[in-house]
Number of protein chains: 2
Amino acid sequence: MAAMTDTLITLSEHRCFGGTQRFHEQASGEIGLSMRFAVYLPPQAANGPVPALIYLAGLTCNEETFMVKAGAQRLAAELGIALVAPDTSPRGETVQALPGAASDWDFGIGAGFYLDATQLPWSRHWRMESWLMNELVPGLSKHFPIDAARIGIFGHSMGGHGALTLALRHPGVFKSLSALAPICAPMRCPWGEKAFTGYLGADRSSWGEHDATVLMENHPVAPYPGGILIDQGLADKFLEAQLHPHLFEAACQAIGQPLTLRRHAGYDHGYYFIQSFVADHLAHHAAALKA
Amino acid sequence: MAAMTDTLITLSEHRCFGGTQRFHEQASGEIGLSMRFAVYLPPQAANGPVPALIYLAGLTCNEETFMVKAGAQRLAAELGIALVAPDTSPRGETVQALPGAASDWDFGIGAGFYLDATQLPWSRHWRMESWLMNELVPGLSKHFPIDAARIGIFGHSMGGHGALTLALRHPGVFKSLSALAPICAPMRCPWGEKAFTGYLGADRSSWGEHDATVLMENHPVAPYPGGILIDQGLADKFLEAQLHPHLFEAACQAIGQPLTLRRHAGYDHGYYFIQSFVADHLAHHAAALKA
């Protein structure tokens, strides 16, 4: 399986702010299909390994969305941080044919929720957590001038859920953590209930392992003593029904996890919101990754 | 006709860097259809009229492309400059039905070339120059806190051609001018020959009026004494056959028009190139618009 993931196909390469924006495809042993991801290497990577910041995107997005819409390369080039953005689910003919894979925008293709499905038919290919944690992240320092000891993670909406849960489930892998308008308590919102029912089954007993608020509640000590940054727009139409940052805030408070939760009047859920605050996220991660 | 264009429909509005990203639609008397455009108002617009910079996009793009891909609002918010991005052609059922309107990516829909067509069937709706110069630009100060006396123009590829030709054909309207990878001599490239043949007819005698190099050659004195900025990537796959910046460079030299033409090794034709240099364009325009 290790051999399968060793060949990296370069789909395209673009000079950007003196660095390189790349799009790759790689056979994933975990997923059993080829998976795509994007990497931005800042100019500093020409001189040796740089820290990396992984971005997990939201529903309907793919590996290109953040790279082309967030305006983050300008800042990454200044800070000397690589950016890595994986696709949000398996794709292609094999999975397109699965009943329910392509009918809903919030389930199936484009909606992997960054976990390993346990229910058929999803359990065969929907193994996003194993792909990311066993293949993509360990492969970064092998394929790129990226320092494996200095990796941070953040994400938006479903990807915010992914960043929070993966960072809480895999202590020690990521040095820094933040999120933009994350799904903070998926067990208690329609998006999460639909996804968890489909991927994990109707028995809710296993759901808490993929719910950021539950994971934080169950941590004995603050897992990110350097602090977590979350930005949330108050004109976000998904805020009330889907995101529940106050529940994650309470969980952090209960165990003494430092959290900066900023609520921004007027901002919505889209990339104009993300653009506006992405610089603060890069600075948050740079403080930990370049310390 | 003036009455037709007075009603502005707001399609969406997004808070962005303390300002507002808006998408509008407006009935155009010139085009005889509704046309779309985007406006970014920086936070400074809350205190009174600000300068504006119009961006004309390239083939296949629309009013959203620049706003979501260029990362320009961060800089516009810092500088206090509004950004305006019109769509690249008429759209909708009426024109979709025209033979040839939707079959090619480099002609018809998404490929207006910022001129008024003289040939049927295009002459009925393909009146991009008149829409922009008689309706959109004059309307900016009426509908937005934008200072009509401080408007600059730039664009990319086909939109670079649009910026150069409109700025040369309408002296006094724009205070500043720049372009990214513009089509500099459309009479002498396949994209331009195809568009001009279709929109203006096979008789080439009228084509020079819409060719930036010819227009510059025919200017008695330097029309932009403050200088024109052009950025061009050297890994741009369209450079050799379609763009011809050296011809525009020679025309500028011949009449003493100051031109900064920067050739960048490794950069291609896309938005990763645009992102990388857009800050220099905003600074170029700010120097003239905020003088």
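Up top is the structure these notes are about.
The shown structure was predicted, so the numbers you read here are calculated from the model rather than taken from an experiment.

Colleague: Any chance you could explain the nonpolar core here in plain terms?
Modeller: Residues B:Phe66, B:Phe113, B:Phe174, B:Tyr199 and B:Phe248 are the most contacted members of the largest nonpolar core, which totals 103 residues. Leaving out residues up to four positions away in the same chain, B:Phe248 has contacts with B:Leu164, B:Leu168, B:Cys184, B:Ala212, B:Thr213, B:Met216, B:Ile228, B:Ile230 and B:Leu259. Grouped together as the second largest cluster of nonpolar side chains are 102 residues, A:Phe66, A:Val137, A:Leu180 and A:Phe248 included.

Colleague: Explanation requested: the environment of A:Arg22 in the structure shown.
Modeller: All names here are of chain A. Turning to its location among the elements, Arg22 is positioned in strand E2 (residues 19-28). On the accessibility criterion, Arg22 (22% relative accessible area) is partly exposed. The sequence separation of Arg22 and Ser206 amounts to 184 residues, and the corresponding C-alpha distance is 37 Å.

Colleague: Sorry if this is basic, but what is going on with the environment of A:Glu249 here?
Modeller: All names here are of chain A. Locating Glu249 in the fold gives a position in helix H9 (residues 245-255). Since its relative accessible area comes to 26%, Glu249 is described here as partly exposed. C-alpha separation for the pair Glu249 and Leu259, spaced 10 residues apart in sequence, amounts to 7.2 Å. Ignoring any residue separated from it by four or fewer positions in sequence, one finds Glu249 in contact with Leu259, Leu261 and Arg263.

Colleague: Would you mind going over the interface of chain B and chain A with me for this structure?
Modeller: Interface size is commonly expressed as the accessible area that is lost once the parts come together. At the interface, 25 residues of chain B touch 25 residues of chain A. For the chain B and chain A pair, buried surface summed over both sides reaches about 2,100 Å², with 51% attributable to carbon and sulfur atoms. Inspection of the chain B/chain A interface yields zero salt bridges. Our count for the chain B to chain A interface comes out at eight residue pairs in polar contact (both at pLDDT 80 or more). Secondary structure elements with two or more residues in the side of chain B that touches chain A: strand E1 (8-16), strand E2 (19-28), helix H1 (65-69), helix H2 (73-79) and helix H10 (271-289) of chain B. Broken down by element, the residue count for the side of chain B that touches chain A peaks at six residues, all from H10(B). Partitioning the side of chain B that touches chain A into residue classes produces 12 nonpolar, seven polar and six charged.

Reading the values: rules and limits
Residues numbered from 1 in each chain as written. Chains lettered and ligands numbered in written order. Predicted model: local features only at pLDDT ≥ 70, side-chain atom pairs only at ≥ 80, totals over all residues. Heavy atoms only, no water. Core = buried A, V, L, I, M, F, W, Y, C linked by side-chain atoms within 4.5 Å. Buried < 20%, exposed > 50% of the residue type's maximum accessible area, 1.4 Å probe, protein only. Contact = heavy atoms within 4.5 Å. Helix = DSSP H or I, 4+ residues; strand = E, 2+ residues; numbered from the N terminus. Buried area = accessible area lost by both parts, 1.4 Å probe. Salt bridge = Lys/Arg side-chain N within 4 Å of Asp/Glu carboxyl O. Polar contact = N/O pair within 3.5 Å; in protein donor to acceptor, adjacent residues only side chain to side chain. Nonpolar A, V, L, I, M, F, W, Y, C, P; charged D, E, K, R; others polar.

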